[in-house]
Structure formats: C-alpha cells, structure tokens
Amino acid sequence: MIPASIARVDTKKDASPASRRAAALHLVTAPAEAVPARPVWFGDEGAALFGWFHPAAGDTPADAVVVMCSPFGYDALSTYFAHKKLAEHIALGGVATFRFDYYGTGDSAGDDEGPNRVETWLGDIGRAVDEAKRVSGASKVFLFGVRLGAVLATTYAQRAPVE
C-alpha cells in the first residue's frame, strides 16, 4: 500500500515547475502522523552497532520490517536524509523500518580500517535483521540498499535468505 502522503505527489510531465517543487517539498517534510524513530544499540559487546527503529503507524501494521542497508563513505552522507525520509514514509504506510550503521561507520563502534570489512558488514546485516525482527515483532524481512548497500544486501540474502 502506498501511503497517501506519497500518492498525492503530482508526477505528471506537464505539471508546472512550481507544482513539482511543492510535491518534492512534501516528500521531504516529516509526515505529521509518523511515529518518532527510536535509537537502538545492538550487537556484540565491544562491537556495538547503532540504528534507528521506525515503528509502523496504524492499528494493523504489516507483519514485516524493512532493513535499510546504507552505502559507504560519501554515498552514505549523500543518501542519509533520503533514507531517513523514506523510512518515515514506509513506516507511515504500516511497515516498520530499521536503519543502521555498519561496524566502523556512523555512530557504531569501531573504525573503518579493520580487516575483513565486507565480511564484517555482511555479519552486521544479519545482526540488524535479528534486531529488526526483535523490536518490530515482525516475521518477514525486506532488505533495501543503495549502491554498496544494495550489493551487501543482495550478497547477504544469497547466503542467508530472509523470510
């Protein structure tokens, strides 16, 4: 189901530039009905990961949670705001969302110079999936990723299929 806040956006090619700007502005403003995100620390002691849990809005949330796998470096900075807004809108549509920082990135523990970064980050996705299921109560998981996050999400799903 597409949240009404997204469905109202006018994407017609013949729409005026002003109406397209207004529609874009609507997407970047926080939905008034959105439930505030909750900060979450999870993972192993000494290697704690940080995330944001966006609870599903509404009386009958879906039995699913979206785990958002961010890209790395400058791409992560460039997409941070868009991922946050997307998570808010997905949650407003009735599906819980979980954003997190890989080990050595963002607000998670560690640094980005450790060995085996890719394998560590794939393990972080597994820990994020487990935590997302725990905090949301959902049994089904959808992985979402952009750039490196998409590669990591796809690789993780091939190794450990999510439900």
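Structural data are supplied above this passage.
Treat the numbers as computed from the prediction; the structure is a model and nothing was measured.

### Concerning the sheet that holds strand β4 (residues 96–100)
Stage number 1. The five strands lie next to each other as β1-β2-β4-β3-β5, forming an open sheet whose pairing is mixed. Two strands lie at the open edges of the sheet, namely β1 (38–42) and β5 (140–145), each paired on one side alone. When the angles between neighbouring strand axes are averaged without regard to direction, this sheet yields 25°.
Stage number 2. Inspection of the sheet shows strand β3 (residues 64–69) paired to β4 by four bridges, in the parallel sense. Paired with V65 across the strands is A96, a residue of β4.
Stage number 3. Across the sheet, helix α3 (residues 74–92) is in contact with β2 (49–54), β3, β4 and β5; its angle to β4 comes to roughly 160°.
Stage number 4. Sheet contacts for helix α5 (residues 148–159): β3 and β5; angle to β5, the most-contacted strand, approximately 145°.

### A word on the pairing of β2
Stage number 1. Counting buried positions along β2 yields five of six residues, so the element is predominantly enclosed.
Stage number 2. Judged from the five bridges that link them, β1 and β2 form a sheet pairing that is antiparallel. Within β2, the residue paired with R38 across the bridge is F53.
Stage number 3. Between β1 and β2, which pair antiparallel in sequence order, lie six residues; one of them, G43, sits at a positive phi of approximately 100°.
Stage number 4. As defined by bridge partners, β2 adjoins β4 across four bridges and the pair is classed as antiparallel. Paired with H54 across the bridge in β4 is T97.

Analysis parameters
- Residues numbered from 1 in each chain as written.
- Predicted model: local features only at pLDDT ≥ 70, side-chain atom pairs only at ≥ 80, totals over all residues.
- Heavy atoms only, no water.
- Pairing = 2+ DSSP bridges.
- Helix = DSSP H or I, 4+ residues; strand = E, 2+ residues; numbered from the N terminus.
- Axes fitted to C-alpha atoms, helices over the stretch in contact; angles between N-to-C directions.
- Contact = heavy atoms within 4.5 Å.
- Buried < 20%, exposed > 50% of the residue type's maximum accessible area, 1.4 Å probe, protein only.

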